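Here's the letter readout for the chains.
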Number of protein chains: 2
Amino acid sequence: MAPTVTAALCVIGNEILSGRTQDRNIAFLGNGLNEIGIQLSEVRIVPDIRDEIVEAVNALRARYDYVFTTGGIGPTHDDITPESIAAAFGTDWHYHPDSYRRMAEWYDRRGQEFTEARKRMTITPVGAELVDNSVSIAPGFRMENVFVFAGVPQIMQSMFEAAKPALRRGTVIHSRSLSTRLVEGVLAKGLGAVQQRFPELDLGSYPFYNTDKGTGVALVVRGPDRARIDAAATEIYAFVEELGGEVIEDSAS
Amino acid sequence: MAPTVTAALCVIGNEILSGRTQDRNIAFLGNGLNEIGIQLSEVRIVPDIRDEIVEAVNALRARYDYVFTTGGIGPTHDDITPESIAAAFGTDWHYHPDSYRRMAEWYDRRGQEFTEARKRMTITPVGAELVDNSVSIAPGFRMENVFVFAGVPQIMQSMFEAAKPALRRGTVIHSRSLSTRLVEGVLAKGLGAVQQRFPELDLGSYPFYNTDKGTGVALVVRGPDRARIDAAATEIYAFVEELGGEVIEDSAS
């Protein structure tokens, strides 16, 4: 079996902490990494403050196989991620020569000025490799096991696609989600018993209230082996029916 | 002026990390805290693993005035937050007597059994105070500066309302958001100049792509003094017009 490959995400942005912007990158990256067998194991959201970024990135890169960052790589004064990543690695930063050339050509073709602000978008730590951006040209970059992406979801997603081939793949975790209108207090005993018989699976219980499915609980079985997941699901069907309930939704991924 | 009061949020949940569930609590709490003058300064998302919860909560409670946790306080086997918080404080846990009495009465009135699973929902560290839940009875709790809330947004929100009166209030940060269709590379210089003239304000620049407002940038000015925010906004209007653009949206909070 393939090994477990782990990752962390560091979201950099005052706008997420203030509640102004609803983050969309965490769930995207959690799903996207899982599809290639990498487990998103921790997320930290920090403000646009250099020391906070340095501390979070250094803690995470020592602990997980990969670290992704989102946010703070644009042309404005509050975009301080590239310099902060250089500081985290204790290296200098520069205008990355290949990025500089690409960006200079891009603005030249459009008859626009390659301003000092736009040059800021070519900053990387010395030694970083570029990560292509198919949406808006200014690239992200990779420094050792740290991938630095934009915060705008469309751009972040294009950078993730570009970075994917370089990522080591591990065990893909499959899942099956069974929803019922029974409440957790009624389900807990049966669910705990199934968890005990399938210790290698991860059984989660997620209540929902007043959604388009009504009110109830989604029982989620996760693990590397589809046959074992299906065996656990069969047991869940059995105890839900025994309790007088029914499975109203059953989806696998 | 009131002091700065800071908070951190620790989101506990495999379902957020796997991407199965889109978090709604971070933005809610960021906004809700800001309205009462508390600054959400860091968020960590950790899996349902005791040692990870203990480590994150202990790091955060030492560093910020308040810590909020969401998730893991239900009746099922994967709900391990209360025991983990007790471990973080190095204290024992118990069935909180007042919570136990409330819950026993609740199920008794409904002719339902107060099962072992449901009793788990009364677990708190010894010494904790309850935080009321007006949605589904099982309370959250407070242990020193750590508030432990449910993960389901409706319940989390009701617990936050119940906890609010106990929170020390600091400086409220106001904001004004001006949107334009100019791009960041064009805006950066003028914006940087305004930031330099208003060092006590926080000027952020947030691009949006293909939204219902089209494509452009939101320039956000944040700070404690509305008059200073408005003065900075006036300067932003001026340089946006000088650049041949216009402010297409202007909102304050």
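Since the model is a prediction, treat every value here as computed from it, not as a measurement.

## Some words on the relation of the copies chain B and chain A
Here comes step 1: Rotating chain B by 180° and moving it 0.0 Å along the rotation axis overlays it on chain A with an RMSD of 0.0 Å. Such a combination of rotation and displacement between the chain copies is what one expects of a two-fold axis. Taking C-alpha positions as reference, the residue of chain B nearest the rotation axis is Arg-44 of chain B, located at 2.2 Å.
Here comes step 2: By residue overlap, the copies meet face to face through one surface: 100% of the interface positions of chain B are interface positions in chain A.

## Let's talk about the domain arrangement of chain A
Here comes step 1: Taken domain by domain, chain A holds domain 1 (5-166) and domain 2 (174-252).
Here comes step 2: Computed from C-alpha atoms alone, the centre-to-centre distance between domain 1 of chain A and domain 2 of chain A is 37 Å.

## Description of empty space enclosed by the protein
Here comes step 1: According to the stated counting rule, one finds six cavities of 30 Å³ or more in the structure shown.
Here comes step 2: As a volume, the largest cavity reaches approximately 80 Å³.
Here comes step 3: As for the largest cavity, its lining consists of Ile-16, Thr-21, Gln-22, Asp-23, Ile-26 and Ala-27 of chain A together with Ile-16, Thr-21, Gln-22, Asp-23, Ile-26 and Ala-27 of chain B.
Here comes step 4: For the lining of the largest cavity, the secondary structure elements donating two or more residues are helix 2 (25-35) of chain A together with helix 2 (25-35) of chain B.
Here comes step 5: Here the residues of the lining of the largest cavity are counted per class, giving six nonpolar, four polar and two charged.

## Topic: the packing of aromatic side chains
Residue and element names in this part refer to chain A.
Here comes step 1: Throughout the structure, instances matching the rule amount to 18 aromatic pairs over all chains.
Here comes step 2: Ring geometry for Tyr-66 versus Phe-147: centroids 6.0 Å apart, planes at 70°, classification edge-to-face. Pair noted here: Tyr-66 is in strand 3 (residues 66-70) and Phe-147 is in strand 8 (residues 146-149), with a separation of 81 residues, a long-range link. The exposure classification of Tyr-66 matches that of Phe-147, with both residues buried.
Here comes step 3: Arranged with centres 5.3 Å apart and planes meeting at 25°, the rings of Phe-68 and Phe-147 form a pair that is stacked. Within this pair, whereas Phe-68 is found in strand 3, its partner Phe-147 is found in strand 8, the two being separated by 79 residues in sequence. Comparing Phe-68 with Phe-147 shows no difference in burial state: the two are buried.
Here comes step 4: Within the aromatic cluster, the residues linked to one another by ring pairs are Phe-28, Tyr-66, Phe-68, Phe-147, Phe-149 and Phe-160.
Here comes step 5: Its guanidinium or amino end placed over the ring of Phe-89, Arg-61 lies 3.8 Å from that ring's centre, counting from NZ or CZ.
Here comes step 6: Here the guanidinium or amino end of Lys-213 rests over the ring plane of Phe-208, the centre of that ring lying 4.5 Å away.

## Some words on a nonpolar patch on the surface
Here comes step 1: Taken together, the side chains of Val-183, Val-186 and Leu-243 of chain A present a nonpolar region at the surface, about 210 Å² in accessible area.
Here comes step 2: Tracing the chain through its elements places Val-186 of chain A in helix 8 (residues 184-197).

## Digging into the interface of chain B and chain A
Here comes step 1: Contact residues are listed per partner, giving 57 residues for chain B and 57 residues for chain A.
Here comes step 2: Together chain B and chain A conceal approximately 4600 Å² of surface at their shared face, both sides included; 51% is due to carbon and sulfur atoms.
Here comes step 3: Where chain B meets chain A, there are four salt bridges.
Here comes step 4: The salt bridge involving Glu-52 of chain A is made with Arg-63 of chain B; its shortest N-O contact spans 3.2 Å.

## A few points about the packing of helix 8 of chain A against helix 9 (residues 226-242) of chain A
All names here are of chain A.
Here comes step 1: In the contact formed by helix 8 and helix 9, the axes pass within 10 Å of each other and the chain directions differ by 155°. Judged by the inter-axis angle, helix 8 sits roughly antiparallel to helix 9. Of the two possible hands of crossing, helix 8 and helix 9 adopt the one that is right-handed. Together, Leu-187, Gly-190, Leu-191, Val-194 and Arg-197 of helix 8 and Arg-228, Ala-232, Glu-235, Ile-236, Phe-239 and Val-240 of helix 9 make up the contact between the two elements.
Here comes step 2: Residues of the contact of helix 8 with helix 9, tallied by class, amount to seven nonpolar, one polar and three charged.

## A closer look at the pairing of strand 9 (residues 174-180) of chain B
Residue and element names in this part refer to chain B.
Here comes step 1: When you tally the buried positions in strand 9, you get seven out of seven residues, the bulk of the element.
Here comes step 2: Along strand 9, one buried face is formed by His-174, Arg-176, Leu-178 and Thr-180 and the opposite face, lined by Ser-175, Ser-177 and Ser-179, is buried too.
Here comes step 3: When strand 9 meets strand 11 (residues 214-223), the two strands line up antiparallel, connected through seven bridges. Bridging across to strand 11, Thr-180 finds its partner in Val-217.

## Here we look at the nonpolar core
Here comes step 1: In this structure, Phe-68 of chain A together with Phe-68 of chain B are the most contacted members of the largest nonpolar core, which totals 94 residues.
Here comes step 2: If sequence neighbours within four positions are ignored, Phe-68 of chain B has contacts with Ala-7, Ala-8, Leu-9, Cys-10, Leu-29, Leu-33, Phe-147, Phe-149 and Leu-167 of chain B.

## Comments concerning unusual backbone geometry
Here comes step 1: Of note, the phi angle at Glu-144 of chain A is positive, near 50°, even though the residue is not glycine.
Here comes step 2: Relative to the elements of secondary structure, Glu-144 of chain A occurs in the loop between strand 7 (140-143) and strand 8.
Here comes step 3: Using a relative accessible area of 54% as the deciding quantity, one classes Glu-144 of chain A as exposed.
Here comes step 4: Non-glycine residue Ile-137 of chain B carries a positive phi angle of around 65°.
Here comes step 5: Relative to the elements of secondary structure, Ile-137 of chain B occurs in the loop between strand 6 (129-131) and strand 7 (140-143).

## Here we look at helix 5 (residues 97-109) of chain A
Here comes step 1: In a regular helix each residue adds 1.5 Å, so 13 residues correspond to 18 Å; helix 5 of chain A covers 18 Å between its end C-alpha atoms and thus fits that length.
Here comes step 2: A positive backbone phi angle near 65° is found at Gly-111 of chain A, which sits one or two residues after helix 5 of chain A.

## A few points about the pattern of salt bridges
Here comes step 1: Counted under the stated rule, the structure contains 32 salt bridges over all chains.
Here comes step 2: Among the ionic pairs, Asp-98 of chain A bridges to Arg-102 of chain A, the shortest N-O distance being 3.3 Å. Within this pair, Asp-98 of chain A and its partner Arg-102 of chain A are both found in helix 5, separated by four residues, close to a single helical turn.
Here comes step 3: For Asp-98 of chain A, a relative accessible area of 25% corresponds to the partly exposed category.
Here comes step 4: Judged by relative accessible area, Arg-102 of chain A falls into the partly exposed class, the value being 23%.
Here comes step 5: Across the pair Glu-249 of chain B and Lys-213 of chain B runs a salt bridge whose closest N-O atoms are separated by 3.4 Å. With a gap of 36 residues between them, Glu-249 of chain B in strand 12 (residues 247-252) and Lys-213 of chain B in the loop between strand 10 (202-211) and strand 11 connect regions that are remote in the sequence.
Here comes step 6: Overall, the relative accessible area of 26% leaves Lys-213 of chain B in the partly exposed class.
Here comes step 7: Here the residues in one salt-bridge network are Asp-98, Arg-101, Arg-102, Glu-105 and Asp-132 of chain A, joined through shared partners.

Conventions used here
- Residues numbered from 1 in each chain as written.
- Chains lettered and ligands numbered in written order.
- Predicted model: local features only at pLDDT ≥ 70, side-chain atom pairs only at ≥ 80, totals over all residues.
- Heavy atoms only, no water.
- Least-squares fit on C-alpha atoms with pLDDT ≥ 70 in both.
- Contact = heavy atoms within 4.5 Å.
- Domains from an automatic or database assignment.
- 1 Å grid on protein atoms, 1.4 Å probe; cavity = no way out; pocket = protein on both sides within 12 Å on 5 of 7 lines; lining within 4 Å.
- Points joined across faces, edges and corners; volume = space filled by probe spheres on them.
- Helix = DSSP H or I, 4+ residues; strand = E, 2+ residues; numbered from the N terminus.
- Nonpolar A, V, L, I, M, F, W, Y, C, P; charged D, E, K, R; others polar.
- Phe/Tyr/Trp six-rings, centres within 6.5 Å; stacked < 30°, edge-to-face > 60°.
- Buried < 20%, exposed > 50% of the residue type's maximum accessible area, 1.4 Å probe, protein only.
- Lys NZ or Arg CZ within 6 Å of the ring centre and 35° of its normal.
- Patch = residues over 30% accessible without salt bridge, like charges linked within 9 Å, V, L, I, M, F, W, Y side chains within 5 Å.
- Areas by Shrake-Rupley, 256 points an atom, 1.4 Å probe, with all protein chains shown as cover.
- Salt bridge = Lys/Arg side-chain N within 4 Å of Asp/Glu carboxyl O.
- Buried area = accessible area lost by both parts, 1.4 Å probe.
- Axes fitted to C-alpha atoms, helices over the stretch in contact; angles between N-to-C directions.
- Parallel < 35°, antiparallel > 145°, perpendicular 65-115°, else oblique.
- Left-handed = near helix turned anticlockwise from the far one by under 90°.
- Pairing = 2+ DSSP bridges.
- Core = buried A, V, L, I, M, F, W, Y, C linked by side-chain atoms within 4.5 Å.
- Expected span 1.5 Å × (residues − 1).

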